[in-house]
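Inside the fold
Here's the letter readout for the chains.
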Amino acid sequence: MKVRSSVFASLILIFEVIGVALFLRGFFPVPVKSSFSSKSSLSDLPAEPLTGSSPNSSRLPQPLFKRVVVMLVDALREDFVFGPSGRMFMPYTRHVVERGSSHSFVAKARPPTVTMPRIKALTTGSIPGFIDVVMNLNSPALLEDNLIWQAKTAGKRIVFYGDDTWVRLFPKHFMEYDGTTSFFVSDYTEVDNNVTRHLDSTLKRDDWDIMILHYLGLDHIGHISGPHSSLIQPKLLEMDDILKKIHSALISKETEGSLPYLLVLCGDHGMSETGSHGGSSEPEVNTPLVLISPAFKRKVGMEKPGVVEQVDLTPTLALGLGLPISQNSVGRLIPGVLEETSLRDQLRFLHLNGHQLSCLLKDSVLEYEKEAGFEQFRVAEKAHGNWMKLYLEGNTSEVLTNMGKKVLKQYLEALAAMSSALSKQLGKYDMYSMIAGMVFVFQLLLVLLLAMPEALSGGAAVDLPVLSALLSLPFYLLCLLLASVHVLVCTSAENSCYFCSLSWGLVFAAVAFSSAMFCILVSIATRRLPLGPKIRGKSPLRSSGDEWSLSELDVLLLAGTIGHTLSLAASSFVEEEHQTWYFLLNTLCLGVFQDVCRKYFREQRGSGEEEEHLLPSKDCHASDHPKAEIYSEKWLALATPPFTLVCCRLLRSLNQTGVQWAHLPDVGHWLNSSEHKMVLSLLSAFCLVLIYLLVQRRCSWVSKVALALGLLGVYSYRAAVGNVLFPWQHSSRTTSKGTVEARFVYVFVLGILFTGTKDLLRSQIITADAKLKSRGLWEIYSGLVLLVSLLFRAHNLPVLCCCLLIQTLMAQFIWKKLHYDAAQTTIMHYWFGQAFFYFQGNSNNIATVDISVGFVGLESYVEAPAIFLTALSTYAGPLLWVCHLVCYLSSERDRSPVAVGHGCYCLALLTSVPAAAYIVLVTVLRYHLFIWSVFSPKLLYESMHLLLTAGVCLIFNTMEQSHSSSKS
């Protein structure tokens with residue numbers, strides 16, 4: 001069965017997306033949880049250890065605190081409190097830390113450092129999975145055992161004000177609440193005022209036991225302007241005043257003989273040097289934890305804060321309030337909180353924490369008895385029983401005290417070991433679904449690779465032996481074998497597998513598909529053997545007869561693509577992947593420059609001499625103009641690769657990215673400083689004018705006018721939000737959200753997209769005009785450029801400008817003049833798209849995702865537009881280069897539909913290989929902690945790239961069909 005290359009690539013990509021989805025369903029693990037469906041209760045608590053007699057009663061020590069106030073400041077970095085600027089940013093808090101009755105810690109948050117997973121960690125004590133990053137956008141109710149549920153069940157009255165994520169996670173748990181939208185990052189004033197307005201009245205009342213305040217303003221400032229913004233200090237001073245107000249109110253309410261209060265200041269995560277979060281850098285994972293209570297000893301000076309895990313707060317608050325610890329908690333009690341309690345109570349608290357951790361360890365680890373922490377806990381529990389026997393006998397000697405301190409130390413070591421062991425068990429993977437998805441993806445990739453000679457041949461078609469495969473005996477034997485394996489796995493699996501839960505119809509279809517793909521693979525591989533028939537026809541790569549001959553540029557493109565794929569096996573190369581693409585892009589420019597020199601000097605030297613003899617002398621004046629054009633074209637072609645190198649070098653300095661050097665200053669920081677606003681204004685205006693000149697050439701006059709007004713609206717929007725200035729503006733002018741200006745631009749974006757779509761549909765349905773189709777595609781492209789220019793921050797407009805300039809020069813003087821084929825052009829577009837992804841300031845860390853662009857032109861949070869705008873801005877570089885590839889290949893009418901098929905096939909190959917490589921890597925390294933902060937974001941990125949490529953190939957296929965129908 002013969003299939004065109006574009007159709008073949010589209011089908012392969014669609015099935016690969018299904019395989020990757022199945023793999024991801026198994027890869028994102030179910031977090032470590034107890035298998036018991038019920039929640040912890042006081043009746044389940046173990047008896048106090050006692051040796052030599054019947055078990056002691058399940059006595060619980062008295063709660064440590066009567067009231068608890070948790071003040072959670074979103075994105076509060078530990079250096080904002082404990083660093084050199086702490087006295088300036090938060091003077092009262094720093095005074096309490098140094099001289100007050102408090103304990104201070106650096107609480108380490110586990111990646112992903114995103115709000116909803118962090119709230120789950122603080123309330124359940126468990127380590128959420130990476131899939132919670134996606135769930136962060138629409139948080140479902142939290143059903144597992146958690147601190148809030150335990151407090152409500154125990155009759156505690158809870159009030160909450162702040163981030164409405166809490167309200168979605170814990171519906172009907174709060175006696176009183178007022179939620180604020182967490183995703184509208186343009187607002188950093190009202191979002192906090194809506195919390196503070198409730199404080200005065202609530203602090204005067206006595207009808208609550210737990211108060212939770214979640215302030216979002218600091219996080220929003222970080223997303224807008226970074227941690228070194230001039231807005232940071234006023235916001236931290238505001239938070240400091242609020243803490244002082246709460247502390248003063250709690251002190252005034254304190255009565256003699258009653259239990260003390262506890263005031264907790266913490267952050268859910270930190271803030272990177274770019275102001276975002278989500279990754280695993282030190283500024284993102286290190287948050288301050290300050291516990292303030294009269295139950296603690298008063299400090300005499302600044303002490304170095306201890307280091308605890310963020311999940312350690314969960315068992316500390318639970319036992320401090322007299323509540324059971326959540327079943328799935330992997331945290332351990334913070335010992336400093338117990339310093340003023342009796343030794344018996346200290347041991348009892350640690351025993352309860354150890355019992356809970358040992359139960360979770362039993363349920364999560366098959367060979368739990370071999371764990372060092374479990375054995376240490378058993379030894380400590382036995383020693384605790386001996387101590388209790390002596391204690392109840394009335395022994396008061398110093399030996400008993402020393403023995404108790406020794407047991408205390410044993411408990412702490414056991415808790416640390418068990419907590420560490422549980423933290424390493426990030427989840428229980430669905431290995432069957434992962435392996436099934438991996439097999440699908442690799443079968444498809446091998447078919448894609450083996451079909452390369454046919455797909456890239458002059459006919460741009462692949463002969464798939466589908467019928468012979470379906471009628472062969474091995475196909476039916478494989479179906480029986482795979483069905484037997486499926487039954488065996490699903491009947492013997494200890495844990496439920498997603499693949500086993502599918503209906504038998506879907507399973508049979510998957511088994512038949514996998515068996516057929518294997519038979520097709522064998523058949524194609526047999527044809528590729530020397531004894532098999534050779535594929536006749538012209539190859540898009542340099543060909544001579546029936547054999548391929550690779551040019552130097554072909555070798556460079558193939559070696560670079562394969563080398564990049566192999567480099568992904570190292571986490572450091574993934575973290576600094578931008579360096580790989582910068583190197584490959586520079587090497588590509590040098591290789592292209594060599595081809596240009598060969599064309600215009602070495603290869604044309606002989607032909608130029610022949611042309612001089614052939615030209616008639618009487619037409620010398622008429623030939624002056626063509627000669628001048630050829631001369632200027634030659635030097636422009638020679639200048640294009642060096643100019644591209646210069647642009648790439650300048651763009652590298654614009655945004656520092658990656659992990660190791662992301663904190664270093666760059667041109668973007670310099671431009672965004674208030675002292676250089678005029679320079680940024682002039683640069684932005686110049687870039688917008690140049691963008692117009694580069695884009696408007698192939699548009700209709702209506703689109704040209706709309707594009708000009710839209711770009712003027714872009715500058716007006718940036719002036720409204722305070723990034724740039726008009727000549728008549730003063731820098732002290734108050735800023736706004738720019739909603740009106742942004743919507744003004746959206747109108748013209750929609751108008752240009754509508755005009756382009758109308759021309760495209762007319763060319764496809766009514767007139768079959770190739771010129772009209774090309775104009776429609778370029779107009780859609782110009783509308784996309786206008787939208788991207790609105791979403792890009794002002795200092796990133798040079799990235800868009802250089803992107804368009806390089807595309808124009810390469811298309812005009814390199815790809816056409818040097819007659820590069822579709823495969824070479826496609827790979828070059830792919831390389832440029834990857835490099836421009838990093839030129840924007842992106843990285844493989846989700847902390848670099850700028851979510852503030854999701855609210856351009858929005859008055860409030862609307863989920864669908866916010867996600868679309870954020871994704872579009874993040875992947876603007878690859879998207880613009882892919883769209884340019886579609887427009888460029890469609891304009892090459894002499895090479896369609898072969899060029900379209902070759903381009904689609906190469907795109908499918910370029911995106912399939914890295915995706916398959918990552919599937920293998922995350923399968924092998926799934927239990928390593930760094931997999932979450934390094935490989936998981938990259939796997940998600942490659943999956944989205946696969947989806948994007950599948951969509952582009954479908955567009956390619958539509959273009960090819962319309963071209964064929966118009967020709968017929």
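Values in this document were obtained by computation on a predicted structure and should not be read as measured data.

Some points on the environment of V167
- Within the fold, V167 resides in helix 8 (residues 165-169).
- Using a relative accessible area of 18% as the deciding quantity, one classes V167 as buried.
- It is 6.7 Å that separates the C-alpha atoms of V167 and G179, two residues lying 12 residues apart in sequence.
- Residues within four places of V167 in sequence aside, it is in contact with F160, F174, Y177 and G179.

A look at the confidence of the model for the protein
- Here the protein averages 82 in pLDDT, and 83% of its residues register 70 or above.
- Within the model, pLDDT remains below 50 along residues 531-547, and this stretch shows 37 contacts once partners closer than five positions in the same chain are excluded.
- With pLDDT under 50 throughout, residues 610-623 is counted as low confidence; its partners more than four residues away or in other chains account for 1 contact.

Considering the environment of L464
- Mapping L464 onto the fold places it in the loop between strand 10 (461-463) and helix 20 (466-470).
- Exposure remark for L464: the relative accessible area of 12% places this residue in the buried category.
- Note: C-alpha distance between L464 and A451 (13 residues apart in sequence) is 8.7 Å.
- In contact with L464, not counting residues within four places along its chain, are M1, V3, F8, I520 and I524.

Overview of the packing of helix 31 (residues 701-720) against helix 33 (residues 770-791)
- Contact geometry for helix 31 and helix 33: axes closest at 9 Å, N-to-C directions at 10 degrees. The pairing of helix 31 with helix 33 is recorded here as roughly parallel in orientation. From helix 31, S703, L707, G710, L711, V714, Y717 and R718 reach across to helix 33, where they touch E779, S782, L786, S789, L790 and L791.
- Class assignment for the residues of the contact of helix 31 with helix 33 results in 7 nonpolar, 4 polar and 2 charged.

Observations concerning the side chain of T874
- Locating T874 in the fold gives a position in helix 36 (residues 863-874).
- Judged by relative accessible area, T874 falls into the buried class, the value being 9%.
- At a separation of 2.8 Å, a polar atom in the side chain of T874 contacts the main-chain carbonyl oxygen of T870.
- When residues no more than four places from it in sequence are discounted, the contact partners of T874 are F837, Q840, N842 and V849.

Remarks on the side chain of S229
- Its location among the elements puts S229 in the loop between helix 11 (217-225) and helix 12 (232-253).
- A polar atom in the side chain of S229 sits 3.0 Å from the backbone nitrogen of L231.

Here's the deal with a nonpolar patch on the surface
- Together, W701, V702, V705, L709, L712 and F744 line one region of the surface with nonpolar side chains, adding up to about 600 Å² of accessible area.
- Sort the elements by how many residues they give to the nonpolar patch and helix 31 lands first, with 5 residues.
- For L709, the position within the fold is in helix 31.

What to know about the sheet that holds strand 7 (residues 261-266)
- Taken in spatial order, the 8 strands of this open sheet run 5-4-6-2-7-8-3-9, and their pairing is mixed. The two strands at the open ends of the sheet, each matched to only one other strand, are strand 5 (176-180) and strand 9 (306-309). Shown here is a sheet whose adjacent strand axes are inclined to one another by a mean of 15 degrees, direction ignored.
- Pairing analysis gives 4 bridges linking strand 3 (residues 102-108) to strand 9, with the strands arranged parallel. Considered in strand 9, the bridge of F105 is made with G306.

Focus on the nonpolar core
- The biggest cluster of nonpolar side chains holds 98 residues, and the ones touching the most others in it are L588, I691, L786, W815, W831, F836 and F839.
- Ignoring any residue separated from it by four or fewer positions in sequence, one finds W815 in contact with Q807, M810, Y820, T825, M828, H829, W881, H884 and Y888.
- Among the nonpolar cores identified, the runner-up in size contains 69 residues, and L319, L350, L361 and A421 belong to it.

Remarks on helix 4 (residues 91-99)
- What helix 4 keeps buried is the set Y92, T93, R94, V96, V97 and E98.
- Of the surrounding elements, those touching the buried residues of helix 4 are helix 2 (79-82), helix 3 (86-89), strand 3, helix 12, strand 7 and strand 8 (286-292).

Section: the packing of aromatic side chains
- Enumeration over the complete set of coordinates arrives at 24 aromatic pairs.
- Both rings, one in F80 and one in F89, keep their centres 5.9 Å apart while their planes meet at 85 degrees; by these two values the pair is edge-to-face.
- Relative accessible area serves as the criterion here: at 13%, F89 is assigned to the buried category.
- The rings of Y582, F832, F836, F839 and W881 are connected pair by pair, giving a single aromatic cluster.
- Positioned over the ring face of W208 is R67, at 4.1 Å from the centre of the ring.

The rules behind the values
Residues numbered from 1 in each chain as written. Predicted model: local features only at pLDDT ≥ 70, side-chain atom pairs only at ≥ 80, totals over all residues. Heavy atoms only, no water. Helix = DSSP H or I, 4+ residues; strand = E, 2+ residues; numbered from the N terminus. Buried < 20%, exposed > 50% of the residue type's maximum accessible area, 1.4 Å probe, protein only. Contact = heavy atoms within 4.5 Å. pLDDT = per-residue confidence, 0-100. Axes fitted to C-alpha atoms, helices over the stretch in contact; angles between N-to-C directions. Parallel < 35°, antiparallel > 145°, perpendicular 65-115°, else oblique. Nonpolar A, V, L, I, M, F, W, Y, C, P; charged D, E, K, R; others polar. Polar contact = N/O pair within 3.5 Å; in protein donor to acceptor, adjacent residues only side chain to side chain. Patch = residues over 30% accessible without salt bridge, like charges linked within 9 Å, V, L, I, M, F, W, Y side chains within 5 Å. Areas by Shrake-Rupley, 256 points an atom, 1.4 Å probe, with all protein chains shown as cover. Salt bridge = Lys/Arg side-chain N within 4 Å of Asp/Glu carboxyl O. Pairing = 2+ DSSP bridges. Core = buried A, V, L, I, M, F, W, Y, C linked by side-chain atoms within 4.5 Å. Phe/Tyr/Trp six-rings, centres within 6.5 Å; stacked < 30°, edge-to-face > 60°. Lys NZ or Arg CZ within 6 Å of the ring centre and 35° of its normal.

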